Amino acid sequence: MLRLQSLSSPLASTQNPKLHFNPSLSTKRIAFNPSISTKKLSLNCRHSQDFERPRSATASASNNSLASETSGGVRFVCIAGPFPPRYFVGHSIYKGKAVLTVEPRAPEFTPLDSGSLKLSKEGFVLLQFAPAAAVRQYDWNRKQVFSLSVMEIGTLVSLGTRDSCEFFHDPFKGKSDEGKVRKVLKVEPLPDGSGHFFNLSVQNNILNVDESIYIPITRAEFTVLNSAFNFILPYLLGWHAYANSIKPDDTSRVNSASSRYGGDYEWSR
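A brief report on the enclosed structure follows. (Residues numbered from 1 in each chain as written. Predicted model: local features only at pLDDT ≥ 70, side-chain atom pairs only at ≥ 80, totals over all residues. Heavy atoms only, no water.)

What follows covers the environment of Gly 96. Mapped onto the elements of the fold, Gly 96 is located in the loop between strand 4 (91–94) and strand 5 (98–105). Between the C-alpha atom of Gly 96 and that of Arg 136, which follows or precedes it by 40 residues, the distance is 7.3 Å. (Helix = DSSP H or I, 4+ residues; strand = E, 2+ residues; numbered from the N terminus.)

Formed by 28 residues in total, the largest nonpolar core has its most connected members in Leu 127, Phe 129, Leu 148 and Leu 185. The dominant element in this core, judged by the number of residues it contributes, is helix 5 (residues 219–236), at five residues. For Phe 129, the contacting residues outside a window of four places in its chain are Val 99, Leu 100, Arg 142, Lys 143, Gln 144, Leu 185, Phe 198, Leu 200, Ile 213 and Ile 215. (Core = buried A, V, L, I, M, F, W, Y, C linked by side-chain atoms within 4.5 Å. Buried < 20%, exposed > 50% of the residue type's maximum accessible area, 1.4 Å probe, protein only. Contact = heavy atoms within 4.5 Å.)

This part covers the pairing of strand 7 (residues 117–121). Pairing geometry for strand 6 (residues 108–111) and strand 7, over four bridges, is antiparallel. Opposite Pro 111, over in strand 7, you have Leu 117 as the bridge partner. Counting the residues between successive antiparallel strands, the hairpin from strand 6 to strand 7 contains five residues, one of them, Gly 115, with a positive phi of roughly 95°. (Pairing = 2+ DSSP bridges.)

A few words on the sheet that holds strand 12 (residues 181–189). Strand order in this open sheet of four strands is 11-12-13-14, and the pairing throughout is antiparallel. Unpaired on one side and paired on the other, strand 11 (165–169) and strand 14 (209–218) mark the two borders of the sheet. Pairwise comparison of adjacent strand axes, ignoring direction, gives a mean angle of 10° for this sheet. Its contacts with the sheet place helix 4 (residues 150–157) against strand 11 and strand 12, and it is angled at close to 165° to strand 11. This element, helix 5, spans strand 13 (195–204) and strand 14 of the sheet and lies at about 100° to strand 14. (Axes fitted to C-alpha atoms, helices over the stretch in contact; angles between N-to-C directions.)

On to helix 5. Taking 1.5 Å per residue as the helical rise, helix 5 with its 18 residues ought to reach 26 Å, and the 25 Å between its terminal C-alpha atoms agrees with that figure. Its axis deflected by about 30° at Asn 230, helix 5 carries its strongest bend there, up to four residues before the proline Pro 234. Of the residues making up helix 5, those classed as buried are Phe 222, Leu 225, Asn 226, Phe 229, Ile 232 and Leu 236. At the exit of helix 5 stands Gly 238, carrying a positive phi of roughly 80°. (Expected span 1.5 Å × (residues − 1). Bend = angle between axes of the 7 residues up to and from the residue.)

Dropping the structure here:
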């Protein structure tokens, strides 16, 4: 810990305001006594990039907690603020016989020994179908869900006015209950070309459920869905996390390496 000492000189305590040269003082040595006065210095830091906190302190710190590190006798104290808020979004299309709700689900990352993160599972879009129970009322206890993968989203986005597609899911594929639950999502054009039918059929032999829910989607509603799908697609792939992690020095290093091993090198052969 840094220690600050304040020593008073005999010259300062004399009653004569004039300064006098005393040869005897030049032969005396003033001893450094750390017990006279000590003062602890601390520096509060609200930016984690100012210093690298110990990994254990980071992992154990909770909201608004303190993490400290001692360097050169100075104690650095970092005040960890609250975690950023989480947002839950979705888009619903209400019709007379059913409602369709579309919600994105974030990708998952796995930490590596190097401290980096690797994509372990791509995100998806969750479709929830609920049949109508009365006028402007829907039976969410009978809802059925269907998860659209990245490739299935690409298929929907590429559909034309007269195009159709069909997806089949078995949640227990590769497990002991394989074949007991079957989900089929069909997207077919309306007869007049004004939109598409979304029809979800679910056969669940485990719960003894056989449900079929369909909802017409107009061209305008389908355009909104496609716009949302196009926007969220890179985030479902996790590419936003990679883009946010790129630093200027990394970019220059990649550019210099690509001149030898990248596309330019390939085309120059």
